[in-house]
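The chain contents come next:
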Amino acid sequence: AQRVTQPEKLLSVFKGAPVELKCNYSYSGSPELFWYVQYSRQRLQLLLRHISRESIKGFTADLNKGETSFHLKKPFAQEEDSAMYYCALRDAGDSNYQLIWGAGTKLIIKP
Amino acid sequence: NAGVTQTPKFQVLKTGQSMTLQCAQDMNHNSMYWYRQDPGMGLRLIYYSASEGTTDKGEVPNGYNVSRLNKREFSLRLESAAPSQTSVYFCASSGLAERQYFGPGTRLTVT
């Protein structure tokens, strides 16, 4: 079955510490993976996607097809990173651009 | 350029009442979506519309109906609200760039 799993509902780290938000997926097709972020009182927005291989706000994520994972990492967390993070997947061949969503991880950066 | 707009922002209903959530986008996107967001469950797709004139069920369509009025507008209707429909509702749209753009959300409480 198609599934995106974010094993941590809540992750709390100190400012300046490394942070890793885990995302594992189960999908038989050709997946495209995304990370979306929702800051307090703001709308959900795209953070990054694996096909772009970019770093946004210091975050990176590498698609590991062998481990079926797309973990989000940042070497030095900042307080403004506190937010709700969602991992999502779509079939690269799906013209409807439907996304399969993980349950989300709430990241709290402690001062 | 407003992006995706939703009305209302907040709504309180009594069990059995009906209401329509409105969504509009000004990005000329073909695809539009309605999600609900519940704690610990992430985003769940209610209905989506791949193009003007078409709608399809998502993961949790029961108790809802939708109308793709034109390319810009995609409304979600609750015919007989139930407490289980208390949630935050998000509308989203996407075009050929495959990322989804979200509205600010509607917080609905059914008593």
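All values reported here derive from a predicted model rather than from experimental measurement.

A. Summary view of the layout of surface pockets. Looking at the largest pocket, its volume works out to about 830 Å³. Surrounding the largest pocket, 28 residues form its lining, Gln38(A), Tyr39(A), Arg41(A), Gln37(B) and Arg107(B) being those nearest its centre. When contributions to the lining of the largest pocket are tallied by element, the ones reaching two or more residues are strand 9 (83-91) and strand 11 (105-110) of chain A together with strand 4 (31-38), strand 9 (87-94) and strand 11 (106-110) of chain B. Its residues assigned to classes, the lining of the largest pocket shows 11 nonpolar, 10 polar and 7 charged. Taken as a whole, the second largest pocket encloses approximately 460 Å³ of empty space.

B. Here's a closer look at unusual backbone geometry. Looking along the chain, the bond that leaves Thr7(B) and enters Pro8(B) is cis, with omega of -5 degrees. Looking at the element boundaries, Pro8(B) is found in the loop between strand 1 (4-7) and strand 2 (10-13). In this structure, Thr68(A) is a non-glycine residue whose phi angle is positive, near 45 degrees. Within the secondary structure, Thr68(A) sits in the loop between strand 7 (60-61) and strand 8 (72-74). Classification of Thr68(A) as partly exposed rests on a relative accessible area of 28%.

C. Layout of the interface of chain A and chain B. Taken together, the 18 residues of chain A in the interface contact 24 residues of chain B. The junction of chain A with chain B conceals about 1,800 Å² of combined surface from both sides, 50% of it contributed by carbon and sulfur atoms. Joining chain A to chain B, the criterion identifies 0 salt bridges. The tally of links between chain A and chain B comes to 7 residue pairs in polar contact (both at pLDDT 80 or more). Those elements that place two or more of their residues in the side of chain A that touches chain B are strand 5 (31-38), strand 6 (45-49) and strand 9 of chain A. A per-element tally of the side of chain A that touches chain B places strand 5 of chain A first, with 4 residues. A breakdown of the residues in the side of chain A that touches chain B according to their chemical character gives 10 nonpolar, 4 polar and 4 charged.

Calculation rules
- Starting from 1, residues in each chain are numbered consecutively following that chain's sequence as written.
- Lettering of chains starts at A and numbering of ligands starts at 1, both following the order in which they are written.
- Selection of residues for local features in this predicted model requires a pLDDT of at least 70, selection of side-chain atom pairs for listing and counting requires 80 or more, and totals for whole chains, interfaces and linings are taken over all residues.
- Excluded from the side-chain calculations are hydrogens and water; all other atoms, namely the structure's heavy atoms, are used.
- Every definition here rests on a 1 Å grid over the protein atoms only: cavities are sets of points where a 1.4 Å probe fits but cannot get out, pockets are open sets enclosed by protein on both sides within 12 Å along at least five of seven lines, and lining residues have some atom within 4 Å of a point.
- Grid points are joined across faces, edges and corners, and a volume is the space filled by probe spheres set on the points.
- A helix here means a DSSP run of H or I that spans at least four residues, while a strand means a run of E at least two residues long, and both kinds are numbered starting from the N terminus.
- By the convention adopted, Pro, Cys, Tyr, Trp, Phe, Met, Ile, Leu, Val and Ala count as nonpolar, Lys, Arg, Asp and Glu as charged, and the other residues, Gly among them, as polar.
- Throughout this description, buried means an accessible area under 20% of the type-specific maximum (1.4 Å probe, protein chains only), exposed means over 50%, and partly exposed covers the range between.
- Note on contacts: a residue pair is in contact if any heavy atoms of the two residues lie within 4.5 Å.
- Two parts placed together each lose some accessible area; with a 1.4 Å probe, that loss summed over both constitutes the buried area.
- The salt bridge definition used is simple: a Lys or Arg side-chain nitrogen within 4 Å of an Asp or Glu carboxyl oxygen.
- What qualifies as a polar contact is a pair of N or O atoms within 3.5 Å, subject to a donor-acceptor requirement within protein and to the restriction that residues adjacent in sequence count only when both atoms come from side chains.

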